[in-house]
Amino acid sequence: MAKAKRYLNFIGGKWVEPATGKYTENRNPADNDDLIGEFPASGGEDVDKAVQSAKKAFNDWRLVPAPKRGELVKRVGDILVRRKEEISQVMTREMGKIIKETRGDTQEGIDTAYYSAGEGRRLFGQTVPAELPNKFAMSVRQPVGVCGMITPWNFPIAIPTWKLFPAILCGNTCVIKPATLTPASVALLMEVFQEAGLPDGVVNLVCGSGGEVGNAMVGHPDINRISFTGSVEIGRKLAEKCGANMKRLSLELGGKNAEIIMDDADLELAVEGALWGAFGTTGQRCTATSRLIVHEKVHHEVLAMMVERAKNLKVGNGLDERVEVGPMVCEDQRRTVLEYIRIGKEEDKAELVTGRGTLTEGDYAKGYFLKPTIFDRVQPGMRIAQEEIFGPVLAVITIKSLEEAIEVLNDTEYGLSSSIYTRDVNRAFQAIRDIEAGITYINGPTIGAEVQLPFGGVKNTGNGHREAGTVVYDFYTEWKSVYVDFSGRLQKAQIDTAE
Ligand code: NAP
């Protein structure tokens, strides 16, 4: 049997062995025989090396004019365009989601590159009137130093690029730790940085577990920012640790997103949106539609359409262009989802109308496949209506009015994405106003964010920061207020002005 390719860490512009000398295998969740490679199981020493390299690179990188940094990020985007198919194929192999979706994931990286590149010519501050004569007042953005990125497995390129591109554009240097399940895509991204000519040490990759590498990053005194995307459970631990060290932290966490279908909706469109929202990425999206809140007048019709179509979704290896639903990312994740299906069946009054389990015959035996699953007659307080399942399971809840629909939608600890299908503009605007979520779609599914707008959520979905849009630049810069007094005498603000 051919030996697996051994990948290394990327530190100071070089591919280096981990100090631990240890590696872990990365296999295709659709086909366990497919070994993608061996990746470093690094430790604290590797993190320290990467941080020192980033710290050194910061001295020069921060002084490169932002438009020039933008040009480099643009070059990164151009190379991503050229290598899009290759990267997407590797991503499908390591994460499982279907090739159309991994192409979308890479495209999101490209969009972010071009958006960030343009920001290199903006990075606006403010010029404001000073209250004293012969005085000038303005604010400028300054880079913050070394930033640490800890990313999940479900968007192996999009999420790292959401973090890295704005960070380096602002003049910072970075250390990234990808999820243990999906390091290959980020290793390719390092090749892209290298090819684009990014100076050594500006971006460093350390592969390894959250417990070792992630933990060492969060505790490292020379990392000034941590940008984390992942579960609430880990996010909460990081918040405690960063809080104790006064380290700034951006958290993008889980969701329990819902789509509302009102009685006046275009039902075809709404069902199409619900299917894509619930079963796209095999339900493993932070913005996945996990609850379908349906008006009682159209409930019967919607449910029949949903069941019929969910049953016919083609499940399989995501490299096959005809496949619509890939595998779960790993056996543990599949077990968790199966446990939720068991809980759903036992919970009061919920009725499993399609799905219920694993696909194990033939080629399915080599991967972690699940049937798209729908529960009907779910009550808002049930566990399957409250907890993030992160799999292809949809809970259908019936309501009688828009007010009730919004109340049910808001009744969870999360607040990431939301959607409503209605033809009534008044209802749409009421939903925009009253839904507690970071994102609301009108007549679109709960997934489909664009990089021009802020991405993130309220309640336990995060801690108030956002990715993307222009607001992400607030996380990667510090504001400096600058006063230039050209009066040639001592002027006292708030004192001279009162006279
Ligand atoms: P996770 O288990 O929280 O892991 C996320 C990252 O944190 C991984 O790189 C993980 O490393 C690392 N990690 C684990 N323990 C750590 C520790 N003690 N210290 C530092 N880092 C640690 O989440 P996941 O299972 O990868 O991703 C699924 C979750 O992410 C879901 O809840 C989903 O909703 C959320 N998500 C949110 C967004 C958003 O933007 N709001 C987007 C996508 C996903 P290992 O890989 O080694 O465990």
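About the thresholds
- Residues numbered from 1 in each chain as written.
- Predicted model: local features only at pLDDT ≥ 70, side-chain atom pairs only at ≥ 80, totals over all residues.
- Heavy atoms only, no water.
- Phe/Tyr/Trp six-rings, centres within 6.5 Å; stacked < 30°, edge-to-face > 60°.
- Helix = DSSP H or I, 4+ residues; strand = E, 2+ residues; numbered from the N terminus.
- Buried < 20%, exposed > 50% of the residue type's maximum accessible area, 1.4 Å probe, protein only.
- Pairing = 2+ DSSP bridges.
- Axes fitted to C-alpha atoms, helices over the stretch in contact; angles between N-to-C directions.
- Contact = heavy atoms within 4.5 Å.
- Lys, Arg positive; Asp, Glu negative; His and termini not counted.
- Salt bridge = Lys/Arg side-chain N within 4 Å of Asp/Glu carboxyl O.
- Polar contact = N/O pair within 3.5 Å; in protein donor to acceptor, adjacent residues only side chain to side chain.
- Domains from an automatic or database assignment.
- Buried area = accessible area lost by both parts, 1.4 Å probe.
- Near = heavy atom within 4 Å.
- Areas by Shrake-Rupley, 256 points an atom, 1.4 Å probe, with all protein chains shown as cover.
- Core = buried A, V, L, I, M, F, W, Y, C linked by side-chain atoms within 4.5 Å.
- Arc of directions from axis to C-beta.
- Patch = residues over 30% accessible without salt bridge, like charges linked within 9 Å, V, L, I, M, F, W, Y side chains within 5 Å.
- Parallel < 35°, antiparallel > 145°, perpendicular 65-115°, else oblique.
- Left-handed = near helix turned anticlockwise from the far one by under 90°.

In this structure the tally under the stated criterion is seven aromatic pairs. Seen in terms of ring centroids, Trp162 and Phe455 are 4.7 Å apart; in terms of plane orientation they differ by 50°. Their pairing is tilted. Here Trp162 is found in helix H5 (residues 158-169), whereas its partner Phe455 is found in the loop between strand E20 (439-442) and helix H15 (472-475), with 293 residues between them in sequence. You'll find Trp162 and Phe455 in the same group, each marked buried. For the ring pair Phe475 and Tyr476, a centre distance of 5.1 Å and an interplane angle of 80° mean the geometry is edge-to-face.

What follows deals with the sheet that holds strand E12 (residues 257-261). Strands sit in the order E14-E17-E18-E13-E12-E19-E20 across an open sheet of seven strands; the sheet is mixed. Across the chains shown, the open sheet's two edge strands, defined by having one partner strand only, are strand E14 (351-354) and E20. Averaged over all adjacent pairs, the angle separating strand axes in this sheet is 25°, with direction ignored. Bridging between strand E13 (residues 289-295) and strand E18 (residues 393-399) involves five bridges; their strand directions are parallel. Pairing of Val294 across the sheet is with Thr398, part of E18. Its contacts with the sheet place helix H9 (residues 267-279) against E12, E13, strand E17 (373-376), E18 and strand E19 (417-421), and it is angled at close to 170° to E12.

Turning next to the side chain of Arg69. Summarising the element assignment, Arg69 is placed in helix H2 (residues 66-82). The buried charged residue Arg69 lacks any salt bridge partner; its closest oppositely charged side chain belongs to Glu119, at an N-O distance of 11 Å. One polar contact links the side chain of Arg69 to the main-chain carbonyl oxygen of Cys170, over a distance of 3.4 Å. When near neighbours in sequence (up to four residues on either side) are disregarded, Arg69 contacts Trp61, Arg62, Val64, Leu123, Ile168, Leu169, Cys170 and Gly171.

Our focus in this paragraph is the domain arrangement of the protein. Splitting the protein by domain gives domain 1 (9-253 + 462-481) and domain 2 (257-442). The partner domain 2 presents 28 residues to the 24 residues of domain 1 that form the contact. Around 2100 Å² of area is buried between domain 1 and domain 2 when both sides are counted, 58% of it from carbon and sulfur atoms. Scanning the region where domain 1 abuts domain 2 turns up two salt bridges. Across the domain 1-domain 2 interface, the total number found is nine residue pairs in polar contact (both at pLDDT 80 or more). Breaking the side of domain 1 that touches domain 2 down by element, the ones donating at least two residues are strand E4 (31-40), helix H3 (84-95) and helix H4 (99-119).

In the vicinity of the ligand lie 28 residues, with Thr151, Thr180, Ser231, Leu253 and Glu388 positioned nearest. Here an oxygen atom of the ligand and a side-chain polar atom of Thr180 are 2.5 Å apart. Note that an oxygen atom of the ligand is positioned 3.3 Å from one of the backbone N or O atoms of Gly230. Burial of the ligand by the protein chains amounts to 86% of its free accessible area of 910 Å².

With 48 residues, the main nonpolar core has Leu164, Phe165, Ile168, Met190 and Phe193 as its most contacted residues. No other element matches helix H6 (residues 183-196), which puts nine residues into this core. Ignoring any residue separated from it by four or fewer positions in sequence, one finds Ile168 in contact with Trp61, Arg69, Val73, Cys174, Phe193, Leu198, Val202 and Val203. The next biggest cluster of nonpolar side chains, apart from the first, holds 32 residues, and it includes Leu402, Ala405, Ile406 and Val408.

Spatial strand order, E5-E6-E21: three strands in an open sheet with antiparallel pairing. This sheet does not close on itself; its edge strands, each paired only once, are strand E5 (126-128) and strand E21 (477-485). Ignoring which end each strand starts from, the neighbouring axes of this sheet average 20° apart. Two strands pair when backbone bridges link them, and strand E6 (residues 135-143) and E21 are joined in this way by nine bridges, in the antiparallel orientation. Residue pairing in the sheet places Val140 in a bridge with Lys480 of E21.

Attention now goes to helix H7 (residues 210-219). Looking at H7, one finds that the buried residues are Val213, Gly214, Met217 and Val218. One face of H7 carries all of its buried residues, which in axial projection span an arc of 130°. Of the surrounding elements, those touching the buried residues of H7 are helix H1 (44-61), strand E7 (146-150), strand E8 (173-177), strand E10 (225-229) and helix H8 (232-244).

Here the focus is the pairing of E18. A large share of E18 lies buried, amounting to six of its seven residues. Where E17 and E18 come together, three bridges link them in parallel fashion. Among the inter-strand pairings, Thr373 is bridged to a residue of E18, identified as Val393.

Assignment of secondary structure puts Met246 in the loop between H8 and strand E11 (248-252). Judged by relative accessible area, Met246 falls into the exposed class, the value being 76%. Put simply, Met246 and Asn224 are 22 residues apart on the chain and 9.2 Å apart in space, counted from C-alpha to C-alpha.

Before going further, it helps to examine a nonpolar patch on the surface. Nonpolar side chains collect at one region of the surface, where Phe136, Met138, Val484 and Phe486 lie side by side and expose about 350 Å² of accessible area between them. One can find Phe136 in strand E6.

Bringing the packing of H4 against H5 into the picture now. Here H4 crosses H5 at 15°, and the two axes come no closer than 9 Å. One element, H4, and the other, H5, form an angle in the roughly parallel class. Crossing hand, H4 versus H5: right-handed. Between H4 and H5, the contacting residues are Asp105, Glu108, Gly109, Thr112, Ala113, Ser116 and Glu119 on the first element and Ala158, Thr161, Trp162, Phe165, Pro166 and Leu169 on the second.

Our focus in this paragraph is the side chain of Gln491. Counting through the fold element by element, Gln491 comes out in the segment after E21. Residue Gln491 is classed as buried on the basis of its relative accessible area, which comes to 9%. Dropping the residues within four chain positions of it, Gln491 is found in contact with Leu132, Pro133, Asn134, Lys135, Asp485 and Asp496.

Turning our attention to the pattern of salt bridges. Scanning all chains against the criterion turns up 33 salt bridges. We note a salt bridge from Glu195 to Arg82, for which the minimum N-O separation is 2.3 Å. With a gap of 113 residues between them, Glu195 in helix H6 and Arg82 in helix H2 connect regions that are remote in the sequence. Glu195 sits in the partly exposed class, given a relative accessible area of 41%.

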